[in-house]
Amino acid sequence: MSTDLKPTTPVEQGPPPPARPLGRGTVRAPLWATVTKWVLIALAVLLGAYLVQRVISAGYGIGVVVVAVVVMAVVAVYSTRRAVPMKYLLPGLVLLLALQVWPIVYTVATAFTNYGDGHAVSKEEATRSIIANSVQEVPGTPRYRMSVAVPAGSSPDTGDLALLLTDPQGKSYVGTSKGLKDLPSDGVSKTVTGKITAAKGWTILTARQVNARKDLANLAVPTSDGGGIKPVGLSEAFVGKTTIVYDAAKDTLTNTTTGKVYVPRNAFWVPQDGQGDAFPTGWKENVGLKNFSTLLTNETIRAGFLSIFVWNVVFAVVSVGSTFLLGMLLALLFDDNRIKGRKVYRSILILPYAIPGFVTALLWRSMFNQDFGLINNLTGLDVDWLGNPWAAKAAILLTNLWLGFPYMFLVCTGALQSIPGDVREAAKIDGASPFRTLRSIIMPLLLVAVGPLLIASFAFNFNNFGLIYLLTKGGPYESADTSIGSSDLLITYAFRLAFSGVTPNYGLASTVSIFIFVIVALMSYAGFRRTKNLEEVN
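Residues numbered from 1 in each chain as written. Predicted model: local features only at pLDDT ≥ 70, side-chain atom pairs only at ≥ 80, totals over all residues. Heavy atoms only, no water.

**What about the nonpolar core?**
Inference 1: By size, the foremost hydrophobic cluster in this structure holds 40 residues, and its most contacted members are F324, L446, V450, F462, L490, Y493 and V512.
Inference 2: Looking at this core, the element that brings in the most residues is helix α7 (residues 299-333), giving 10 residues.
Inference 3: With sequence-adjacent residues up to four places away left out, F462 is seen in contact with F309, N312, V313, A316, L489, L490, I516, I519 and V520. (Core = buried A, V, L, I, M, F, W, Y, C linked by side-chain atoms within 4.5 Å. Buried < 20%, exposed > 50% of the residue type's maximum accessible area, 1.4 Å probe, protein only. Helix = DSSP H or I, 4+ residues; strand = E, 2+ residues; numbered from the N terminus. Contact = heavy atoms within 4.5 Å.)

**A word on the pairing of strand β10 (residues 228-232)**
Inference 1: Of all 5 residues making up β10, 4 are buried, and the element is well covered by its neighbours.
Inference 2: Of the pairings in the sheet, the one linking strand β9 (residues 221-222) to β10 comprises 2 bridges and is antiparallel in character. Looking across to β10, one finds that P222 is bridged to G228.
Inference 3: Where β9 folds back onto β10 in an antiparallel hairpin, the turn is made up of 5 residues, including G226, whose phi is positive at roughly 90 degrees.
Inference 4: The sheet contact formed by β10 and strand β11 (residues 236-242) spans 5 bridges and is antiparallel. The residue of β11 that forms the bridge with V232 is E236.
Inference 5: Connecting β10 to the next strand, β11, in antiparallel fashion are 3 residues, including G233 with a positive phi near 75 degrees. (Pairing = 2+ DSSP bridges.)

**Quick word on the sheet that holds strand β13 (residues 252-255)**
Inference 1: Read across the sheet, 4 strands follow the order β12-β13-β14-β15 without closing on themselves; strand pairing throughout is antiparallel. Two strands in the sheet have a free side with no partner beyond their single neighbour: β12 (244-247) and β15 (268-271). Averaged over all adjacent pairs, the angle separating strand axes in this sheet is 35 degrees, with direction ignored.
Inference 2: Bridge count between β13 and strand β14 (residues 261-265): 2 bridges; the pairing is antiparallel. (Axes fitted to C-alpha atoms, helices over the stretch in contact; angles between N-to-C directions.)

**Structural notes on the domain arrangement of the protein**
Inference 1: Taken as a whole, the protein is organised into domain 1 (32-112), domain 2 (123-245) and domain 3 (297-536).
Inference 2: Here the C-alpha centroids of domain 2 and domain 3 sit 58 Å apart. (Domains from an automatic or database assignment.)

**Side note on helix α6 (residues 290-297)**
Inference 1: For α6, the set of buried residues is N291, F292 and L295. Buried residues in α6, looked at end-on, bunch into an arc of 100 degrees, giving them a common side. Residues K290 and T297 are exposed on α6 and point more than 90 degrees away from its buried face. (Arc of directions from axis to C-beta.)

**Some details on a nonpolar patch on the surface**
Inference 1: Together, L89, L93, L96, L97, V101, W102, V105 and Y106 make up an exposed nonpolar region whose accessible area comes to about 750 Å².
Inference 2: In this structure, L97 sits in helix α3 (residues 84-111). (Patch = residues over 30% accessible without salt bridge, like charges linked within 9 Å, V, L, I, M, F, W, Y side chains within 5 Å. Areas by Shrake-Rupley, 256 points an atom, 1.4 Å probe, with all protein chains shown as cover. Salt bridge = Lys/Arg side-chain N within 4 Å of Asp/Glu carboxyl O.)

Structure representation (structure tokens):
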């Protein structure tokens with residue numbers, strides 16, 4: 001066996017390969033940036049944990065899911081080098097959901113409920129409140145000196161409430177919703193009257209903190225004989241017994257003193273025999289399409305809604321049209337190079353826009369005063385501007401013209417200056433008159449530029465709550481029904497339904513808001529389609 005050994009060819013040693021260029025995978029962030037990133041992520045997790053505790057204490061289970069999803073999204077997006085676009089989009093998405101989507105969803109959900117005055121809590125909470133308020137002091141029982149406390153380390157705003165009690169013999173107790181037990185004397189300090197000022201393991205609440213705890217009214221410390229110890233004032237508690245009992249099997253309330261039975265009806269506990277008053281505390285429940293039906297079929301509300309809707313459309317259209325027309329004419333006037341001192345004039349014209357709107361509205365309100373107002377004094381008229389329905393509407397339109405034309409003047413000035421000069425020169429060479437040039441060239445180009453702004457201005461004026469509220473407050477009122485004013489817009493009408501009057505009705509106000517949303521959306525859609533047609537023409 002022989003082997004041929006061939007000489008090996010030496011391998012040439014070439015130049016070293018070039019260094020790998022720094023790319024996405026080789027760039028390393030500075031240490032301080034990495035530390036800062038993880039500190040911020042940790043803070044977000046801690047904030048999420050804090051919010052979860054608050055949401056749990058408030059009883060909103062769905063809120064726990066939402067907070068958990070957001071925190072997990074923050075960790076997943078910012079803890080890796082991937083999903084770079086999402087690192088920029090996530091804050092905007094969270095704010096969009098919190099400030100835009102959630103209010104819309106909540107408003108729609110409220111429109112299908114009877115949420116309002118007397119219907120702000122659940123049925124269980126309403127029943128518990130009625131029973132707690134029915135406690136009456138048992139004659140001959142002692143009164144306790146009382147301090148309100150929470151467990152040490154708990155938040156005074158959300159911690160579990162407890163009553164630190166001292167009976168007439170000087171013995172101390174701690175009472176919670178679970179019962180009464182002795183309070184060890186170690187670490188307990190009292191005043192000369194027996195009121196406990198300090199106790200080991202407990203935080204005594206101040207008077208302001210006690211007043212802020214609305215759930216204190218529902219706290220009753222159960223006693224062995226079936227009664228309960230209820231606070232009265234800030235320093236005393238008494239032994240009492242409830243006069244109202246709840247039968248879960250029959251779903252009824254019974255007054256043990258009178259024997260009257262109450263049954264649930266229309267979200268209230270009402271007497272079963274129809275005699276007497278219902279309990280004033282009701283509960284929130286789903287009412288389906290009742291609010292929509294009320295808005296469309298109730299004669300008073302429907303008539304008021306239709307009249308307000310017509311005025312609302314007229315107000316928005318006239319406001320946009322008048323302010324745009326005046327602003328455009330002034331912009332065309334000062335677009336002429338032959339006018340000297342145009343910068344000074346333009347500065348003066350935008351002064352009304354520089355003054356806060358609420359100041360201008362209040363100023364015009366004083367000028368529209370029938371007896372002492374500047375307008376009647378200068379013109380010699382005796383018009384009741386704010387007391388006559390038609391005069392009030394004219395006063396609103398005049399004030400809004402003063403407030404709105406500087407904005408249109410600025411917009412039209414900018415749009416006119418963006419129109420190429422050679423277009424006008426070409427029209428002039430072709431023999432077009434100034435009016436023909438304005439009608440056929442300048443106006444189409446101007447409308448393309450300001451069309452979306454006109455739509456936005458329409459939507460703003462359709463919901464111009466501030467001007468109406470400051471100038472007329474929706475009045476004057478033509479009939480005894482003070483819920484519908486002559487100059488009301490739909491938004492001020494919804495506000496009055498929700499937050500004023502004898503029985504605020506948030507559900508019905510939310511229904512009005514949905515109608516406003518649909519109306520503005522449809523009108524804006526038609527306006528944008530019209531703007532698109534102008535762009536295609538140009």
